[in-house]
Amino acid sequence: MSYRFLKGHGTENDFVLLPDPDGSIHGDLSADRVRALCDRRAGLGADGVLRALQRDGRWFMDYRNADGSLSEMCGNGIRVFARYLLDHEGASTPLEVDTRDGVKTITRAGHDFTVDMGSPVVHDKTAIRVGTVGHEALHVSMGNPHAVTFVGSLDEAGSLVEAPGFDAAAYPDGVNVEFVVRRGAHHVAMRVHERGSGETRSCGTGACAVMVAAALADDAPRGTTYRVDLPGGSLDITWTDDDRILMTGPAVLVASGTTDL
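Note that the structure is predicted; figures quoted are calculated from it, not measured.

**Remarks on helix α3 (residues 204–218)**
Part 1 of the argument: Under the 1.5 Å per step criterion, the end-to-end length of α3 is 21 Å for 15 residues, consistent within 8% with the ideal 21 Å.
Part 2 of the argument: Burial within α3 is extensive, with 12 of its 15 residues counted as buried.
Part 3 of the argument: Buried within α3 are the following residues: G204, T205, G206, A207, C208, A209, V210, M211, V212, A213, A214 and A215.

**A short note on the packing of aromatic side chains**
Part 1 of the argument: Following the criterion strictly, the structure yields 2 aromatic pairs and no others.
Part 2 of the argument: Both rings, one in F15 and one in Y63, keep their centres 5.9 Å apart while their planes meet at 75°; by these two values the pair is edge-to-face. Of this pair, F15 sits in strand β2 (residues 13–19) while Y63 sits in strand β4 (residues 58–65); the two residues are 48 residues apart in sequence, bridging distant segments of the chain. No difference in accessibility class separates F15 from Y63, as the two residues are buried.

**As for the environment of T11**
Part 1 of the argument: Examined against the element boundaries, T11 turns out to sit in the loop between β1 (3–10) and β2.
Part 2 of the argument: With a relative accessible area of 4%, T11 lands in the buried category.
Part 3 of the argument: A C-alpha to C-alpha distance of 7.4 Å links T11 and N76, two positions 65 residues apart in sequence.
Part 4 of the argument: When neighbours within four sequence positions are excluded, T11 is seen to be in contact with N76, R79, R201, S202, G232, G233, S234, L235 and P250.
Part 5 of the argument: Of note is the side chain of T11, whose polar atom sits 3.4 Å from the side chain of N76.
Part 6 of the argument: Within the structure, T11 has its side chain in polar contact with the side chain of S202 (distance 2.7 Å).

**Some remarks on the environment of S159**
Part 1 of the argument: Within the element layout of this structure, S159 appears in the loop between β10 (145–150) and β11 (165–166).
Part 2 of the argument: Between the C-alpha atom of S159 and that of P221, which follows or precedes it by 62 residues, the distance is 35 Å.
Part 3 of the argument: Those residues in contact with S159, other than ones at most four positions away along the chain, are R191 and E199.

Procedures and definitions
- Residues numbered from 1 in each chain as written.
- Predicted model: local features only at pLDDT ≥ 70, side-chain atom pairs only at ≥ 80, totals over all residues.
- Heavy atoms only, no water.
- Helix = DSSP H or I, 4+ residues; strand = E, 2+ residues; numbered from the N terminus.
- Expected span 1.5 Å × (residues − 1).
- Buried < 20%, exposed > 50% of the residue type's maximum accessible area, 1.4 Å probe, protein only.
- Phe/Tyr/Trp six-rings, centres within 6.5 Å; stacked < 30°, edge-to-face > 60°.
- Contact = heavy atoms within 4.5 Å.
- Polar contact = N/O pair within 3.5 Å; in protein donor to acceptor, adjacent residues only side chain to side chain.

Here's what the structure looks like:
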């Protein structure tokens, strides 16, 4: 069976988007199909799959990592999702999208989108390993789990082909690991290994977790905006007075077609 797809990215974190308003086309989207779609040699190539469903009168973003596993939330993906809804489904902002981490509100910010990512949850310090080298990290949840570590150079992340070692008791479902360097006042850069996808060009929830860790380390006042540089671009992140994380960045649709993968 052939079905429609779109391809898009947010700061080069790329996705296959499957329009499926009533859930009749894909049903229970299998891990095998997700892996086939995301395969960069034999498929369409992506860091994950976004399925656009409607539930109870609201759009729901069903997100799967490239290995087919479920994820609670995807910060770059939800901006691509919003771009699709505005360009192809007649939606307008402010726009509410349901996710496995609850409802997210998206607004336009010029050519970009701003997403209210909700309130962060800061846990205890933890540790990650690259080979035999250990790094202290901060456990931050943005709906999905993150371990944020500050390093002297992003080269300390290694190749990130393999997932860094982590405390399985702290992260029973795996973890996204962010390596961070400082670039200036309220300005950081990062690399990330995403669970289920490997190293990606960008991670929206990861950038939010990094901003939280940096703001806490800097004792920055609420309302301060941090610029977070990623290999695929930059995101602006603000931690508001009412404990919300606002993420602003681009979203682009680059292709559409049909596939029988």
